[in-house]
Amino acid sequence: MREVKFKVFDVKNKKMYPTDYELVKEIHFGMYGEIDSVIIARYRPDGDWEFEELKDVELMQYIGLKDKNGKEIYEGDIIKLKDEVYEVIYNNTTASFIIKNDQGWELGGEGWKKVEVVGNIYENPNLLEEY
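Please read these numbers as outputs of a predicted model, since none were measured by experiment.

### Some remarks on the pairing of strand 8 (residues 77-81)
Among the five residues that make up strand 8, four are buried, leaving the element largely enclosed by the rest of the structure. Two elements, strand 8 and strand 11 (residues 116-120), share four bridges in a ladder whose sense is antiparallel. Residue K80 lies in a different strand from strand 11, and its bridge partner there is E116. Sheet topology places strand 8 next to strand 9 (residues 84-91); four bridges connect them, and they run antiparallel. Counterpart to I78 in the pairing with strand 9 is E87. Here strand 8 hands over to strand 9 after two residues, with K82 in that stretch at a positive phi of 50°.

Below you can see the structure in the form of structure tokens.
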């Protein structure tokens, strides 16, 4: 069974969560499945936790696989494969994660082991244009 994890990009503050001392505590959805808010838990130096609610966020789901360097791959990541870069997206039709290109390219399990995560579309959108 695939581990379910998320990263959250705070659009307002241009910050990615979690960091080393923060975690995504709760995800709240609206009536139609849209993301209403996310609660971030932050570990304080005094050993206690504080919580922050974020409203304007983009959610990135872990695809359950790691790149050739052992880095976790998330939806919205930009990956490099054979000197080309692609965005990792979720395909509703096939219910799988694929590489976004003209054909919507799906990789097999072994294919994902050949990619390298080089950024994501929220913090590094220019990477898609540079290659």
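### Let's talk about the sheet that holds strand 7 (residues 72-74)
Sheet architecture is open: four strands sit in the order 2-1-6-7, paired in antiparallel fashion. One side of each edge strand has no neighbouring strand; the edge strands of this open sheet are strand 2 (15-17) and strand 7. Across this sheet, the average inter-strand angle for adjacent strands is 30°, counted without regard to direction. Of the strand pairs in this sheet, strand 1 (residues 6-10) and strand 2 are connected by three bridges, and their pairing is antiparallel. Residue pairing for strand 2: F9 is matched across the bridge by M16.

### Quick notes on the environment of L59
For L59, the position within the fold is in strand 6 (residues 57-66). Judged by relative accessible area, which is 18%, L59 ranks as buried. Between the C-alpha atoms of L59 and D10, which are 49 residues apart in sequence, the distance is 9.1 Å. Apart from the residues within four sequence positions on either side, L59 is in contact with F6, K7, V8, I27 and I35.

Scoring rules and cut-offs
- Position numbers for residues start from 1 in each chain and track the written sequence from start to end.
- Predicted model: local features are reported for residues with pLDDT of at least 70 only, side-chain atom pairs are reported and counted for 80 or more only, and whole-chain, interface and lining totals are derived from all residues.
- With hydrogens and water stripped out, all remaining heavy atoms of the structure feed into the side-chain values.
- Relative accessibility under 20% of the residue-type maximum defines a buried residue, over 50% an exposed one, and the middle range a partly exposed one, all with a 1.4 Å probe and only protein chains included.
- Where helices and strands are cited, they refer to DSSP runs of H or I of at least four residues and of E of at least two residues respectively, numbered from the N terminus.
- In this scheme, strands are said to pair when DSSP sees at least two bridges between them.
- Working convention: axes come from line fits to C-alpha atoms, limited for helices to the stretch in contact. Angles between N-to-C directions cover 0 to 180 degrees.
- Any two residues whose heavy atoms approach within 4.5 Å at even a single point are treated as in contact.

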